[in-house]
Amino acid sequence: MTCDDARLLVHAYLDNELDAAQSATMIKHLRDCTACAASYDVYGRLRKALAQPGLYRRAPDALRERWSPAQPAASAAPASPRRRRAPLAYAMAAGFAGALLLTSPAWIAGLRQDGGGGNPVVAEAISSHIRSLQAQHLMDVVSTDQHTVKPWFEGKLDFSPRVKDLTGEGFPLIGGRLDAIAGRSVAALIYKRHLHVINLYQWPADASATASSEEQRHGYTVIRWATEGMHYVAVSDVSAGDLKQFVLAFQNDAGTPTARSPP
Amino acid sequence: MPADLHVISPNPDSVRSARFEALVLPCLDAAYNLARWLARDNADAQDVVQEAMLRALRYFDSFHGSDARVWLLAIVRNTFYTLRTKTPPGSLHESLDEDAHTLVDGGPSPETLTLLAVDVGTLQLALERLPSPLREVIVLRELEECSYKEIAAITEQKIGTVMSRLARARERLKAELAHHPKEVRRHDV
Ligand SMILES: [Zn+2]
């Protein structure tokens, strides 16, 4: 064994990760080479120094209480009989959106206070957005071409989503995905803003629906609007200003014509 | 308007819930420890862990392994890099390679002997100064006492890469402690 080899392997030796033959060779080298033996000694002491309990960061009480199985939800939520159960049991039963509602009172409480039936949609859209950022979940169809993305949805949805490429406005289209919001299948278009991802969900609305809103939760901005018989929800961690710009770009782009349902 | 989604089933899956409580909740300290050393900030670390726990809950059905801690720590790590969005995990290779020249190291200098006298605060600063790919292997190995195989699973790297990063991280730490034992300097990765 050369000193060069030993320089790397001394760490594996310290960590007890060498097999018997390698260990024997290492021991022999440390016996014969004072430089490597001294190095072994120093790294041994470094390891001991790093083992001091003062360096370990334990979970703070607030976090621990939030995830404690025995306690009721630590929120100011109304004490309905349902809410008195352990938050974890609820989260399990309600799935991810429920988990957000029940275990993140600090930032989800605001969603409830606003009232109105749209609020769960915001929480659900954020959870869907977070989920989409997990490696294999972002896109079902990968294309920067709106003429590829739009037909991809055909036959998969009971409506035809509006697909626009906004590369010119700084929001390139990168693909599409089927998702579920508000208990129904929706189209999700994925756009990029520099390194950030924007998810745009859409599904049919009553022709009269025109509600629009903007909310910020936990670092995510959610903008909802409805127009020409379609609900839209845009979610991203880009700045609120950037997301507004995206929404305006989408609303103003002529793009492909509106099609409420397939012919 | 969309359907009201507040409806919560009155019949929670208590078996699944109990499994999550038994397997994942005991790893909360480990999750926070890793998040705190990655984020280097209490509030950010809490956000990361909260998000990671929600993801763990969401994906718990996909957990079939035997080691919930390794599984959760991988989620914590991914969550941190996702939320930070600034620098993807792989993009620090260049700076790591540039650092290679500082690793030429012949045995102990008189300064390295001061290692014995290093206090927790100095050690903490030196650790926080490491680039995150090096910092995370140190935290996983020395603080969480993970094996190379576990670290490889958590960081999605080959065992050989884990070994060389750990060697590099320790060499960097030693150099920092030996040459700037009292210097208080922070720079963000
Ligand atoms: Zn040697």
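J.: Explain the overall build of chain B to me, please; I cannot follow it from the model alone.
T.: Scanning chain B for helices and strands turns up nine helices and zero strands. Reading the helices (α) and strands (β) of chain B from amino to carboxyl end gives α-α-α-α-α-α-α-α-α. Burial analysis of chain B (189 residues in total) assigns 53% to the buried set. For chain B, restricting intrachain contacts to residue pairs at least 6 apart in sequence, the fraction spanning at least 24 positions comes to 75%.

J.: Is there a simple way to explain the coordination of the zinc ion in this structure?
T.: Octahedral six-donor coordination of a metal ideally yields angles of 90 or 180 degrees, compared with 109.5 degrees for tetrahedral four-donor coordination. All names here are of chain A. The zinc ion binds to the protein through Cys 3 (SG), His 29 (NE2), Cys 33 (SG) and Cys 36 (SG), with metal-donor distances spanning 2.1 to 2.4 Å. Classification of the site at the zinc ion rests on its four donor atoms, whose angles at the metal span 100 to 120°, yielding the label tetrahedral. Summarised as a motif, the one-chain spacing of the donors to the zinc ion is C-x25-H-x3-C-x2-C. A relative accessible area of 11% means that His 29 is categorised as buried. A residue is classified by how much of its surface remains accessible, and Cys 33, at 13% relative accessible area, is buried.

J.: Even after reading the chapter, I still don't get the pairing of strand S7 (residues 230-236) of chain A, so can you show me in this structure?
T.: Within a regular strand, the side chains alternate between the two sheet faces. Residue and element names in this part refer to chain A. Judged by how many residues are buried, S7 sits mostly within the fold: seven of seven residues are covered. The alternating pattern of S7 places Met 230, Tyr 232, Ala 234 and Ser 236 and His 231, Val 233 and Val 235 on opposite faces, both of which are buried. Judged from the seven bridges that link them, strand S4 (residues 196-204) and S7 form a sheet pairing that is antiparallel. Within S7, the residue paired with Tyr 201 across the bridge is Val 233. In the sheet, strand S6 (residues 220-227) pairs with S7 via seven bridges, with the strands oriented antiparallel. Bridge pairing in S7 places Arg 224 opposite Val 233.

J.: When you look at unusual backbone geometry in this model, what are you seeing that I'm missing?
T.: Phi is mostly negative for residues that are not glycine, and the peptide bonds are mostly trans. All names here are of chain A. Positioned with a positive phi, Asn 16 is a non-glycine residue whose angle comes to about 60°. By the secondary structure assignment, Asn 16 is in the loop between helix H1 (3-14) and helix H2 (20-32). Accessibility expressed as a relative area gives 69% for Asn 16, which makes it exposed. Even without being a glycine, Glu 228 presents a positive backbone phi close to 45°. Within the secondary structure layout, Glu 228 lies in the loop between S6 and S7.

J.: Help me out: how do you make sense of the confidence of the model for chain B in this one?
T.: Residues and elements named next belong to chain B. When the pLDDT values of chain B are averaged, the result is 77; 69% of them are 70 or greater. The lowest-confidence element of chain B is helix H5 (residues 93-98), averaging 42 in pLDDT; the highest-confidence one is helix H7 (residues 132-143), averaging 97. Below pLDDT 50 for its whole length, residues 86-108 participates in 28 contacts with residues either more than four positions away or in separate chains. Two numbers describe this predicted complex: its pTM, 0.54, and its ipTM, 0.79.

J.: Is there a simple way to explain the packing of helix H3 (residues 42-58) of chain B against helix H4 (residues 68-84) of chain B in this structure?
T.: Packed helices, taken two at a time, are described by the angle between their axes plus the distance between the axes. Residues and elements named next belong to chain B. For the pair H3 and H4, the least separation of the axes is 9 Å and the interaxial angle reads 125°. Classed by the angle they form, the pair H3 and H4 counts as oblique. Two packed elements cross with a definite hand, and for H3 against H4 that hand is right-handed. Facing H3, whose interface residues are Asp 47, Val 48, Glu 51, Ala 52, Met 53, Arg 55 and Ala 56, H4 presents Trp 71, Leu 72, Ile 75, Val 76, Asn 78, Thr 79, Phe 80, Thr 82 and Leu 83. For the contact of H3 with H4, the residue count by class is 10 nonpolar, three polar and three charged.

J.: Help me understand the packing of aromatic side chains in this model?
T.: Here the distance between the centres and the angle between the planes together describe a pair of aromatic rings. Per the stated rule, a full pass over the model turns up 13 aromatic pairs over all chains. A ring pair is formed by Tyr191(A) and Phe246(A), whose centres lie 4.9 Å apart and whose planes are at 65°; its orientation type is edge-to-face. Highlighted residues: Tyr191(A) in strand S3 (residues 184-193) and Phe246(A) in helix H9 (residues 240-252), separated in sequence by 55 residues. Among the residues examined, Phe246(A) registers a relative accessible area of 0% and is labelled buried. With centroids separated by 4.9 Å and ring planes inclined at 40°, the aromatic side chains of Phe63(B) and Trp71(B) adopt a geometry described as tilted. For the residue pair Phe63(B) and Trp71(B), the accessibility class agrees, reading buried in each case. The structure contains a cluster of three or more aromatic residues connected by ring pairs, namely Trp67(A), Phe20(B), Phe60(B), Phe63(B) and Trp71(B). Here the guanidinium or amino end of Lys164(A) rests over the ring plane of Phe250(A), the centre of that ring lying 4.4 Å away. Just above the ring of Phe171(A) sits the side chain of Arg193(A); from NZ or CZ to the centre is 4.3 Å.

J.: What am I meant to see in the sheet that holds strand S2 (residues 173-181) of chain A here?
T.: One key point about sheets: their strands pair by backbone hydrogen bonds, in either a parallel or an antiparallel sense. All names here are of chain A. Strands sit in the order S1-S2-S3-S4-S7-S6-S5 across an open sheet of seven strands; the sheet is antiparallel. The open sheet has two edge strands, strand S1 (141-142) and strand S5 (213-217), and neither has a second partner. Packed on one face of the sheet, H9 meets S3, S4, S5, S6 and S7 and runs near 25° to S6.

Conventions we followed
Residues numbered from 1 in each chain as written. Chains lettered and ligands numbered in written order. Predicted model: local features only at pLDDT ≥ 70, side-chain atom pairs only at ≥ 80, totals over all residues. Heavy atoms only, no water. Helix = DSSP H or I, 4+ residues; strand = E, 2+ residues; numbered from the N terminus. Buried < 20%, exposed > 50% of the residue type's maximum accessible area, 1.4 Å probe, protein only. Contact = heavy atoms within 4.5 Å. Donors = N, O, S within 2.8 Å, 3.2 Å for Na, K, Ca; no water. Tetrahedral: all angles 85-135°; square planar, octahedral: opposite > 155°, others 65-115°. Pairing = 2+ DSSP bridges. pLDDT = per-residue confidence, 0-100. Axes fitted to C-alpha atoms, helices over the stretch in contact; angles between N-to-C directions. Parallel < 35°, antiparallel > 145°, perpendicular 65-115°, else oblique. Left-handed = near helix turned anticlockwise from the far one by under 90°. Nonpolar A, V, L, I, M, F, W, Y, C, P; charged D, E, K, R; others polar. Phe/Tyr/Trp six-rings, centres within 6.5 Å; stacked < 30°, edge-to-face > 60°. Lys NZ or Arg CZ within 6 Å of the ring centre and 35° of its normal.

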